[in-house]
Amino acid sequence: MEYRGFPKHVRNLHAAPGPMSHDIEHWAQTFDSMGLAGVKLVDDGGSCFSFALEMRKRGMAVVTRLWRDRPCPGVLPPKSLSVAQRYIDEDMPVIEVTNENNLKGEWQEGMWPDNIRENAEISMTSWVADASAIINMGGFPAFPAQAQCGHTPKHSSIEWYEAAFKYLAENYYNITKRLFANGAWIASHDAVLNHVYEEEGRYRFDYPYDPSCQSRHPGKHIFQDDNSLIGHQVPVRLLWDYFKLVVPVMSTEGGIFFKNKAGWTGQWDTNYPSIDEWTHAVWNVKMFEWLAAYAARYPWYKGMFPWLACDVLCGCPASAWSDESWFQPGKTLQVVDELKKYPQIASEDSPILLQAQGGAVIHLSGFLPGYGSDGTEPDEEPETEPEIEPEIDPEVEPDPVIGVNRHGYRADGYR
């Protein structure tokens, strides 16, 4: 399968949560100066198209989410399909049809299924139709990213993914294999939160496998808490377990959050450091370095698009996330200048770069296809046309202690 339109390296950025219509040339130059390989756009009907063309002209990848207010349940309407076709025709074929089905705000009033299995099954029925339509147009549709919520009742991302892939295997096995064999890929929203481990200048972003977590919860793994930069390993592993397929994966939202608000600490997990503006800047630089090394060893990982570049300054209405934007009226967060200090980091060059900067610990867990439990020895090679054992299901117990996501949900259901 030849994948087109994906970023050349891991450093990317989520642009506005809506239209990108003001000062297009300025924003294109700004993003270019930050060494970005691509941007994520949220298009409600063509409002980002001119900006997307400018980014593509500069050699950047464009990932487009087809925005609809409360899109679940349902399939893409003709207007959204028309917008998708415009992007695909201009060689920007990487499309997200929906996301975060495990949050109530993505569902029409009165239609929210508070049973996670029912939620996943309804969502997958729509996704099969939408993904088929995008592929028939020549595009590459994303399997929908969920908000990382661990095992939170009614919102569990892990249980949603488990239910979704099980349902696809039992009800849409052949068509699902065709979709992933013809361009469908996995989107995730890998939220680091404050799960960063640092020792003698070496940073780790592989929670829950870092020494801090393992000292308190020996043997804890990603299927027990996916609030991590490697949370994407959950859907990646399930696709392998049910379909023996491996496809590109990108985190099209997430990263390290900072809120420019008095009294905000960003300490979701009290076992890890809090976040201030400077920490946010340093951690983002280190995160991209770590991901470059990760992608060098796991080349199916194609990039991270941290939340969030801007809103009102680029033509998007003020949002609930205005104080999380990297570019705010009267203030630019320090992370922007820190990223400008370093050139873009191509994955194949990252081991040399990281060695010069003190090295990195990369944990490729046994939940990644092709890697053993120690992250070094392959356990089995991905096949092109394998047989399936559809009843495989990782049997794990929820951890009631850790598992807080950016929406304020804990694994035990409390905020």
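Just above, that's the structure.
Within each chain, residue numbers correspond to sequence positions counted from 1 in written order. Per-residue local features are limited, in this predicted model, to residues with pLDDT of at least 70; the limit for side-chain atom pairs, both in listing and counting, is 80 or more; totals at the level of whole chains, interfaces and linings are taken over all residues. Side-chain descriptors were evaluated using all non-hydrogen atoms of the structure, hydrogens and water having been removed beforehand.

A. Geometry of the environment of proline 77. Numbering of helices and strands runs from the N terminus, with a helix taken as a DSSP run of H or I at least four residues long and a strand as a DSSP run of E at least two residues long. With respect to the helices and strands, proline 77 occurs in the loop between strand E3 (61-66) and helix H3 (78-89). The class for proline 77 is partly exposed, based on a relative accessible area of 31%. In sequence terms proline 77 and aspartate 130 are 53 residues apart; their C-alpha atoms lie 9.5 Å from each other. Only protein chains enter the accessibility calculation, which uses a 1.4 Å probe; a residue whose area is less than 20% of its type maximum is buried, one above 50% is exposed, and one in between is partly exposed.

B. View of the pattern of salt bridges. Take a side-chain nitrogen of Lys or Arg and a carboxyl oxygen of Asp or Glu: if they are within 4 Å of each other, that pair is a salt bridge. The tally for this structure, following the rule as stated, stands at 20 salt bridges. Across the pair aspartate 91 and arginine 4 runs a salt bridge whose closest N-O atoms are separated by 2.6 Å. Of this pair, aspartate 91 sits in the loop between H3 and strand E4 (94-96) while arginine 4 is found in the segment before strand E1 (12-14), placing the two residues 87 residues apart along the sequence. A salt bridge links arginine 70 to glutamate 109; the shortest N-O distance between them is 3.4 Å. Residue arginine 70 is located in the loop between E3 and H3, and its partner glutamate 109 is located in the loop between E4 and helix H4 (116-137); the two are separated by 39 residues in the primary sequence. Take arginine 70: its relative accessible area is 28%, and that puts it in the partly exposed class. Judged by relative accessible area, glutamate 109 falls into the exposed class, the value being 65%. Ionic contacts of the salt-bridge type, sharing partners, join the residues Glu25, Asp32, Glu54, Lys57 and Arg58 into one network.

C. Quick peek at the environment of cysteine 316. Inspection of the secondary structure puts cysteine 316 in the loop between strand E10 (301-304) and strand E11 (327-328). When the C-alpha positions of cysteine 316 and alanine 16 are compared, they lie 6.7 Å apart, and in sequence the two are 300 residues distant. Non-local contacts of cysteine 316, meaning those with residues more than four positions away in its chain, are made with Ala16, Pro17, Gly18, Pro19 and Asp311. Any two residues whose heavy atoms approach within 4.5 Å at even a single point are treated as in contact.

D. Highlighting the nonpolar core. In these notes, a set of buried Ala, Val, Leu, Ile, Met, Phe, Trp, Tyr and Cys residues joined through side-chain atoms within 4.5 Å is what counts as a nonpolar core. Among the nonpolar cores identified, the biggest contains 101 residues, and Met20, Phe31, Leu41, Tyr87, Trp127 and Phe143 are the most heavily contacted of them. Sorting elements by how many residues they give to this core places helix H9 (residues 277-297) first, with 11 residues. Core analysis: the next-biggest nonpolar cluster, separate from the first, contains 10 residues, Phe6, Val63, Ala142 and Trp185 among them.

E. Representation of the pairing of strand E6 (residues 185-191) in the model. By the criterion of burial, E6 is predominantly enclosed, with seven of the seven residues buried. The alternating pattern of E6 places Trp185, Ala187, His189 and Ala191 and Ile186, Ser188 and Asp190 on opposite faces, both of which are buried. Summarising the sheet, strand E5 (residues 140-143) and E6 pair through two bridges and their orientation is parallel. When the sheet's bridge partners are listed, phenylalanine 143 is paired in E6 with isoleucine 186. Criterion used throughout: strands pair if DSSP finds at least two bridges between them. Bridge analysis of E6 against strand E9 (residues 249-255) gives six bridges, and the strand direction is parallel.

F. Main features of the packing of aromatic side chains. In this analysis, rings of Phe, Tyr and Trp, with Trp reduced to its six-membered ring, are considered paired at centre separations within 6.5 Å, and the interplanar angle assigns stacked below 30 degrees, edge-to-face beyond 60, and tilted for intermediate values. By the definition in use, this model includes 29 aromatic pairs. Plain terms: the ring middles of phenylalanine 6 and tryptophan 185 are 5.8 Å apart, the flat faces sit at 85 degrees to each other, and that makes the pair edge-to-face. Of this pair, phenylalanine 6 sits in the segment before E1 while tryptophan 185 is found in strand E6, placing the two residues 179 residues apart along the sequence. By relative accessible area, phenylalanine 6 is classed as buried at 13%.

G. Focus on the sheet that holds E1. The sheet built from eight strands is open, its strands ordered E1-E2-E3-E4-E5-E6-E9-E10 with parallel pairing. Bordering the open sheet on either side are E1 and E10, each of which pairs with just one other strand. Neighbour to neighbour, the strand axes of the sheet diverge by 30 degrees on average, direction disregarded. One ladder, built from three bridges, connects E3 with E4; its direction is parallel. Note that in E4 the partner of threonine 64 across the bridge is isoleucine 95. Helix-sheet contacts for helix H2 (residues 49-57) involve strand E2 (38-43) and E3, and the interaxial angle to E2 is about 165 degrees. Packing against the sheet, H3 makes contact with E2, E3 and E4, and its axis sits at approximately 175 degrees to E3. Simply put, an axis is a line fit to the C-alpha atoms, just over the touching stretch for a helix, and the angle between two N-to-C directions goes from 0 to 180 degrees.

H. Representation of unusual backbone geometry. The amide bond that connects cysteine 72 to the next residue, proline 73, takes the cis arrangement and shows omega of -10 degrees. Tracing the backbone through its elements, the reader meets proline 73 in the loop between E3 and H3. Leucine 308 follows tryptophan 307 through a cis peptide bond whose omega is 10 degrees. Structurally, leucine 308 can be placed in the loop between E10 and E11.

I. Here's a closer look at the packing of H4 against helix H5 (residues 157-171). Axis separation between H4 and H5 bottoms out at 8 Å; the angle between their running directions is 50 degrees. When the axes of H4 and H5 are compared, the pair comes out oblique. Note that H4 runs across H5; the crossing there is right-handed. Contacts from Ile116, Arg117, Asn119, Ala120, Glu121, Ser123, Met124, Thr125, Trp127 and Val128 of H4 reach H5 at Glu159, Trp160, Ala163, Ala164, Tyr167 and Leu168. For the contact of H4 with H5, the per-class residue count stands at 10 nonpolar, three polar and three charged. Throughout this description, any angle smaller than 35 degrees is read as roughly parallel, any larger than 145 degrees as roughly antiparallel, any in the 65 to 115 degree range as roughly perpendicular, and the remainder as oblique. Working rule for handedness: look at the near helix, and if it is turned counterclockwise from the far one by less than a right angle, call the crossing left-handed; if clockwise, right-handed. Here the nonpolar group is Ala, Val, Leu, Ile, Met, Phe, Trp, Tyr, Cys and Pro; Asp, Glu, Lys and Arg are the charged ones; every other residue, Gly included, is treated as polar.

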